[in-house]
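What the coordinates show
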Amino acid sequence: MSTALSWTELRTGREDLASLLAFRRSGLSDAERRRVRLGALLVLLLTILAVLGPAYLGGDTPRARSGQLLALLPSLCLGFLVLASFTAVASAGGREIVPRDQAVAFPVSTVTEHLGALILAPLNIAWIAQAWALLGVTSYALGPARLWAYELPVLLWILGATALAQVVGWMAEGVRRGPHGIAAFRTFLAVLAAVAAALVVTGRLTPLLDRSPTAQILVIVLEGQARGWSTWAFGVVTLLLAGAAAVVVGALPARWALSRPMREELRLESGRHEARAVPGSDFTMLLRIDRAAVWRSVPLRRGLTVLAVMPGAVALAGNLEWTMLTILPGLVASGAALLFGVNTWCLDGRGALWRDSLPVTPRAVFASRSAVLLEVLLSSAAVTLVLAALRAGRPTTPEVTALVCSTLVASVQVVAAGMRWSIARPFAVDLRSARATPAPPIVMAGYSARLAVVTTVTGLVFSGLAGIDDIRYAVATALVMLLWSCLRLQRSARRWDDPVTRSRVISVVAGG
Amino acid sequence: MRQTATPRPLGERNLRRLGGFSAPVRHSVKADTRSAAVSQNDRVDEVGQQGQRRVDIQGLWVRFGAVAAVRGIDLTAEAGRATALLGRNGAGKSTTMRVLAGVIPPTEGVVEVDGVDVRTDPLAVKRLTGYCPDVGGLVPRATPWEHLQLSARLRRLEDWEDRAHDLLERFELGDVAHRVTSGFSHGMGRRLSVVLARFHQPSVLLLVEPFDGVDPLGVEATLEAIADARARGAAVLVSTHLRDLAVQACETALVLRGGSTVARLRSHELVGEEGAGVYRALLD
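Okay, so let's go over this structure. Just so it is clear, the structure is predicted and the values come from calculations on it, not from any experiment. (Residues numbered from 1 in each chain as written. Chains lettered and ligands numbered in written order. Predicted model: local features only at pLDDT ≥ 70, side-chain atom pairs only at ≥ 80, totals over all residues. Heavy atoms only, no water.)

1. Things to note about the overall build of chain B
As a reminder, the rule being used: Secondary structure counts use DSSP, requiring at least four H or I residues in a row for a helix and at least two E residues in a row for a strand, with both numbered from the N terminus. Throughout, a residue-residue contact means that at least one pair of heavy atoms, one from each residue, lies within 4.5 Å. Every accessible area reported is derived by Shrake-Rupley at a probe size of 1.4 Å, with residue values counting cover from the shown protein chains alone.
Helix and strand counts for chain B stand at 10 helices and 11 strands. In chain B, once contacts between residues fewer than 6 apart in sequence are set aside, the share between residues at least 24 apart is 72%. Accessible surface, chain B as shown: approximately 11,100 Å² in total, 47% of it carbon and sulfur.

Right under this line is the structure:
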């Protein structure tokens with residue numbers, strides 16, 4: 001296979017991307033376009049606030065903790081690259097501008113796919129929050145003087161690291177799609193995890209991070225602040241060129257990966273699932289079908305594994321304390337819900353019509369789907385917490401209580417939100433491809449932001465309550481929050497009972 | 001042929017083409033097919049005379065917001081008889097079938113299946129009907145056997161396994177009974193949808209595009225399924241664009257246009273070139 005790449009391909013790829021974006025935009029109603037514009041404006045304003053706010057907080061600069069924060073900057077930059085890479089790898093190279101089943105009739109080139117995945121990469125709250133953190137930490141540490149000069153290299157790193165992560169994502173997907181690719185990829189991950197664990201256990205992680213190449217970014221940042229313009233300019237140009245090169249070069253592994261067969265998906269579709277006995281109740285049978293829809297889907301299996309393991313591994317490496325662990329269940333639950341929970345009826349795909357013709361109460365179907373979503377969220381959070389707890393020491397009773405309460409509350413909150421959105425805004429989505437998402441990218445960005453805000457607030461509330469000796473405060477707070485979420489869930493269930501609402505949802509997810 | 005209320009005049013040209021209705025149908029095309037259909041229909045006529053009214057739709061309207069997909073359809077289907085629903089895309093065929101399957105509630109009108117009102121007791125209607133939807137109709141990551149298990153469990157079927165095996169074999173799906181359906185071809189999916197619709201031996205069999213993309217052996221199995229259902233005393237409704245197969249499978253045909261019924265014909269009136277002309281005239 002030729003891997004040559006011409007400028008013409010890049011240009012046509014860019015033009016095709018513009019056409020695909022226009023195609024997606026044409027599907028939005030006026031109200032949706034207004035919401036998108038408002039959302040974009042809000043993100044822009046918050047980004048400006050993240051840059052300017054910390055710089056103008058007042059007080060003398062350099063601030064008391066400037067040195068500490070700047071010393072962390074290289075590690076934070078590296079962390080951004082690692083997280084962006086994991087996101088790209090988990091989403092099989094990157095998200096699709098137009099779902100595969102809709103794009104199949106159009107000659108969408110792999111260059112267009114690559115550029116599309118790149119442009120969608122920032123549309124998730126983890127990317128946005130990390131970018132804000134990088135910009136905010138730098139501006140807090142260095143103050144208002146020559147802000148543009150020291151923030152520019154950070155911004156270029158954010159963009160360049162995203163492009164580099166995309167290259168990593170395509171390469172991993174290419175390996176995974178090859179013969180024995182899944183085994184090779186899993187072996188590589190296991191080795192990586194073992195090396196990381198060894199570094200943590202032997203205490204060599206921090207010295208290694210200190211020698212990270214991202215330390216050069218700190219040098220450029222400081223030169224910008226100190227008016228060392230020649231070094232600064234050289235650094236900025238280097239970052240700019242490296243980012244542009246990553247964008248261009250990424251088209252090559254994208255072409256390589258996308259030309260290979262989707263082995264994991266094909267293996268799941270052609271594999272046998274031996275018959276089990278018919279369960280003793282309708283509800284158990286519904287649960288079985290719903291669970292199969294989750295665990296036999298490549299993007300869901302892959303996403304849930306990453307979500308369960310990654311935050312736990314980060315917490316393990318970072319040696320987080322028990323009071324901080326209360327934030328993790330919410331983050332994991334939000335991420336897991338974004339895999340399918342925000343459009344949960346899409347699990348039935350085109351079978352939704354047939355399923356709704358079966359003689360079972362809508363309430364039983366709703367309960368089954370909610371239960372499966374809840375168990376997925378809880379099991380993912382449990383894996384994360386087990387990993388995170390390994391180095392967190394012995395917890396106190398209030399800490400354990402707060403953690404359990406936080407896990408339960410955040411999970412039920414996310415289920416309530418997911419079931420509500422699933423009814424309000426269903427989408428016909430085929431979750432067959434590892435690159436598929438349960439809703440259009442722009443909608444997913446909105447969902448992820450809302451979930452992140454709610455669950456982070458919940459985590460912080462219980463983080464505070466973990467420090468109070470009397471566990472009754474945590475339990476009482478949890479009960480109130482659970483009651484509220486259950487009421488919202490009940491309201492969604494009543495909406496689902498309405499045959500007109502239900503038929504609308506089913507017609508949409510069935511694609512007819 | 002009984003003409004029913006039309007949404008708009010048929011036009012002089014079409015009325016001229018319809019003028020040959022009462023004349024004997026010429027036997028130039030598909031004589032064998034037609035004679036087979038007629039002889040089968042004759043046999044079912046006898047069952048039908050003894051049969052009861054399984055489906056009774058009066059003044060059915062279905063609106064989606066400002067759009068009316070069905071505009072005052074009247075339809076009856078009796079035990080042991082098969083009725084084809086014909087018409088162009090958007091004529092209201094699939095929506096009518098979805099209402100009968102209890103998937104879409106009627107906006108106006110009365111829809112009864114075996115005397116049960118779909119609006120007041122949709123669960124009972126779902127027990128009485130077997131539905132093969134038009135779009136896929138299969139849960140992508142469940143196997144055919146799991147589909148059958150779900151249906152059997154929710155319909156309280158007992159000792160169903162042998163019949164399920166037999167049906168899967170007849171529709172040549174035995175080898176893939178434990179593979180997820182997302183890997184199925186379109187034709188395989190259609191065949192499994194027919195299996196699922198008739199599996200519990202419903203009183204009313206609702207088949208939407210059951211022949212679409214199905215190979216000749218699958219078509220034969222589907223025709224047999226329809227004949228079996230009629231012989232059992234079920235009412236069968238088949239919505240399709242394939243006129244020849246509709247003629248073969250059904251004794252009467254209802255032609256819909258713009259959400260309304262424009263004609264009710266004996267299926268032999270739609271046979272051959274003349275039948276094609278008749279049908280074409282009704283579509284305009």
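Past the structure itself, the notes keep going.
2. Examining the packing of aromatic side chains
We count it as follows: Two aromatic rings, drawn from Phe, Tyr or Trp (for Trp, its six-membered ring), form a pair once their centres lie within 6.5 Å of each other, and the interplanar angle then sorts them: stacked below 30 degrees, edge-to-face above 60, tilted otherwise. The buried label goes to any residue with under 20% of its type's maximum accessible area, the exposed label to any with over 50%, and the partly exposed label to all in between, with areas taken from a 1.4 Å probe on protein chains only. Here, a charge over a ring is recorded when the distance from Lys NZ or Arg CZ to the ring centre is within 6 Å and its angle to the ring normal is within 35 degrees.
All chains considered together, the criterion is met by 10 aromatic pairs over all chains. Ring centres of Trp229(A) and Trp232(A) lie 5.5 Å apart, and the angle between their planes is 85°; this geometry places the pair in the edge-to-face category. Pair noted here: Trp229(A) and Trp232(A) are both in helix H11 (residues 229–249), with a separation of 3 residues, about one helical turn. Under the relative-accessibility criterion, Trp232(A) is labelled buried at 10%. Arranged with centres 5.2 Å apart and planes meeting at 35°, the rings of Trp145(B) and Trp160(B) form a pair that is tilted. With Trp145(B) in helix H5 (residues 144–154) and Trp160(B) in the loop between H5 and helix H6 (161–170), the pair connects residues that are 15 residues apart, well separated along the chain. Put simply, the rings of Trp148(A), Trp229(A) and Trp232(A) touch in pairs and so form one group of aromatic residues. The positively charged end of Arg63(A) is found above the aromatic ring belonging to Tyr140(A), 4.7 Å away from the centroid. Here the guanidinium or amino end of Arg176(A) rests over the ring plane of Phe185(A), the centre of that ring lying 4.5 Å away.

3. Some details on a nonpolar patch on the surface
All names here are of chain A. Operational definition: Note that patches include only residues with greater than 30% relative accessible area and no salt bridge, and the join distances are 9 Å for like charges and 5 Å for nonpolar side chains (Val, Leu, Ile, Met, Phe, Trp, Tyr). A side-chain nitrogen of Lys or Arg and a carboxyl oxygen of Asp or Glu constitute a salt bridge if their distance falls within 4 Å.
On the surface, a nonpolar cluster with roughly 710 Å² of combined accessible area is contributed by Leu 38, Leu 41, Leu 44, Leu 45, Ile 48, Leu 52 and Tyr 56. By the secondary structure assignment, Tyr 56 is in the loop between helix H2 (30–55) and helix H3 (66–90). The class for Tyr 56 is exposed, based on a relative accessible area of 56%.

4. Digging into empty space enclosed by the protein
Going by this rule: Cavities and pockets are defined on a 1 Å grid built over the protein atoms alone: a cavity is a set of grid points where a 1.4 Å probe fits but cannot escape, while a pocket is an open set with protein on both sides within 12 Å along at least five of seven lines, and lining residues are those with an atom within 4 Å of any such point. Grid points are joined across faces, edges and corners, and a volume is the space filled by probe spheres set on the points. When residues are sorted by character, Ala, Val, Leu, Ile, Met, Phe, Trp, Tyr, Cys and Pro go into the nonpolar class, Asp, Glu, Lys and Arg into the charged class, and all the rest, Gly among them, into the polar class.
Going through the model one piece at a time under the given rule, you end up with 6 cavities of 30 Å³ or more. Size it by volume and the largest cavity reaches roughly 170 Å³. Along the walls of the largest cavity sit 16 residues, with Arg355(A), Asp356(A), Val365(A), Trp496(A) and Ile506(A) positioned nearest its centre. Sorting the residues of the lining of the largest cavity by element identifies helix H18 (352–356), helix H19 (362–389) and helix H23 (499–509) of chain A as the ones contributing at least two each. Grouping the constituent residues of the lining of the largest cavity by class yields 11 nonpolar, no polar and 5 charged. Taken as a whole, the second largest cavity spans an internal volume of roughly 100 Å³. Taken together, 13 residues line the second largest cavity, and the ones lying closest to its centre are Glu269(A), Arg296(A), Arg432(A), Arg141(B) and Ser182(B). Per-element tally for the lining of the second largest cavity: the top contributor is helix H13 (residues 263–270) of chain A, with 3 residues.

5. Section: the nonpolar core
Our working definition: In these notes, a set of buried Ala, Val, Leu, Ile, Met, Phe, Trp, Tyr and Cys residues joined through side-chain atoms within 4.5 Å is what counts as a nonpolar core.
Core analysis: the biggest nonpolar cluster contains 141 residues, and Phe340(A), Trp345(A), Leu75(B), Leu148(B) and Val255(B) have the highest contact counts within it. Excluding its chain neighbours within four sequence positions, the residues that come into contact with Val255(B) are Leu86(B), Ser260(B), Thr261(B), Val262(B), Ala263(B), Leu265(B), Tyr279(B), Leu282(B) and Leu283(B). Counting 31 residues, the second-largest nonpolar core is a separate cluster that includes Val51(A), Trp157(A), Ile217(A) and Ile220(A).

6. A word on the state of the cysteines
Each disulfide consists of a covalent bond between the sulfur atoms of two cysteine residues. Let me state the cut-off plainly: Disulfide: a pair of cysteine sulfur atoms within 2.5 Å of each other.
Per the stated rule, a full pass over the model turns up 0 disulfides over all chains. The thiol sulfur of Cys250(B) is not disulfide-bonded, and the nearest other cysteine sulfur, from Cys132(B), lies at 13 Å.

7. Here's the deal with the side chain of Gln166(A)
All names here are of chain A. Looking at the element boundaries, Gln 166 is found in helix H7 (residues 147–176). Taking relative accessible area as the criterion, Gln 166 reaches 3% and is therefore assigned buried. Not counting chain neighbours up to four residues away, the residues in contact with Gln 166 comprise Ala 88, Gly 93, Gly 94, His 114, Ala 117, Leu 118 and Ala 121.

8. Points about the sheet that holds strand E3 (residues 67–78) of chain B
Through backbone hydrogen bonds, the strands of a sheet pair up, either in parallel or in antiparallel fashion. Residue and element names in this part refer to chain B. The following threshold applies: In this scheme, strands are said to pair when DSSP sees at least two bridges between them.
The 4 strands lie next to each other as E3-E2-E5-E6, forming an open sheet whose pairing is antiparallel. Either end of the sheet is taken by a strand with one partner, and the two such strands are E3 and strand E6 (116–117). Where strand E2 (residues 53–64) and strand E5 (residues 108–113) come together, 5 bridges link them in antiparallel fashion. Across the sheet, residue Trp 61 finds its bridge partner in E5, namely Glu 108.

9. Remarks on the pairing of strand E10 (residues 252–257) of chain B
All names here are of chain B. The buried count for E10 comes to 6 of 6 residues, which makes it a mostly enclosed element. Side chains Thr 252, Leu 254 and Leu 256 project from E10 onto one buried face, and the interleaved Ala 253, Val 255 and Arg 257 project onto a second face that is buried too. Taken together, the 5 bridges between strand E4 (residues 82–87) and E10 define a ladder with parallel strand orientation. Opposite Leu 86, over in E10, you have Val 255 as the bridge partner. Between the end of E10 and the start of strand E11 (residues 260–266), which pair antiparallel, lie 2 residues, with Gly 258 showing a positive phi angle near 55°.

10. Some words on the interface of chain B and chain A
Which entries qualify depends on this criterion: Note on terms: buried area is the combined drop in 1.4 Å-probe accessible area of two parts once they are placed together, counting the loss on both.
Each side of the interface is counted separately: chain B has 39 residues, and chain A has 47 residues. Both sides together, the interface formed by chain B and chain A hides about 3,700 Å², and carbon and sulfur atoms give 62% of it. Inspection of the region where chain B meets chain A yields 4 salt bridges. Among the ionic pairs, Lys126(B) bridges to Asp356(A), the shortest N-O distance being 3.9 Å.

11. With respect to the packing of H6(B) against helix H7 (residues 186–198) of chain B
How two helices pack is summed up by the angle between their axes together with the distance between the axes. Residues and elements named next belong to chain B. To keep things clear, this is the line we draw: Only the stretch in contact is used when a helix axis is fitted, and all axes are lines through C-alpha atoms; the angle between N-to-C directions ranges over 0 to 180 degrees. Roughly parallel refers to an angle under 35 degrees, roughly antiparallel to one over 145, roughly perpendicular to one between 65 and 115, and oblique to any angle outside these ranges. Crossing handedness is read from the near helix: turned anticlockwise from the far helix by less than a right angle, it gives a left-handed crossing, and turned clockwise, a right-handed one.
Packing of H6 against H7 leaves a shortest axis separation of 10 Å and a crossing angle of 150°. In terms of orientation, H6 lies roughly antiparallel with respect to H7. In the crossing of H6 with H7, the sense of the turn from one axis to the other is right-handed. Residues Leu 167, Leu 168 and Arg 170 of H6 form the contact with H7, whose participating residues are Leu 192, Val 195 and Arg 198. When grouped by side-chain class, the residues that make up the contact of H6 with H7 number 4 nonpolar, no polar and 2 charged.

12. Examining H6(B)
All names here are of chain B. The condition is simple: Note that the arc is computed from the directions linking the helix axis to the C-beta atoms.
Those residues of H6 that sit buried are Ala 164, Leu 167 and Leu 168. Taken around the axis of H6, the buried residues stretch over an arc of 100°, which confines them to a single face. Turned more than 90 degrees off the buried face of H6, the exposed positions are Asp 162 and Glu 169. On its buried face, H6 is in contact with H5 and H7.

13. Brief notes about unusual backbone geometry
Residue and element names in this part refer to chain A. A positive phi angle is found at His 180, which is not glycine, with a value near 60°. For His 180, the position within the fold is in the loop between H7 and helix H8 (181–201). His 180 gets classed as exposed once you look at its relative accessible area, which sits at 69%. Positive phi, close to 60°, is recorded for Arg 227, a residue that is not glycine. On the secondary structure map, Arg 227 appears in the loop between helix H10 (215–225) and H11.

14. Quick notes on the pairing of E4(B)
Across the 6 residues of E4(B), 6 count as buried, placing the element largely inside the fold. Burial of E4(B) is two-sided: the residues Ala82(B), Ala84(B) and Leu86(B) facing one way and the residues Thr83(B), Leu85(B) and Gly87(B) facing the other way are all buried.

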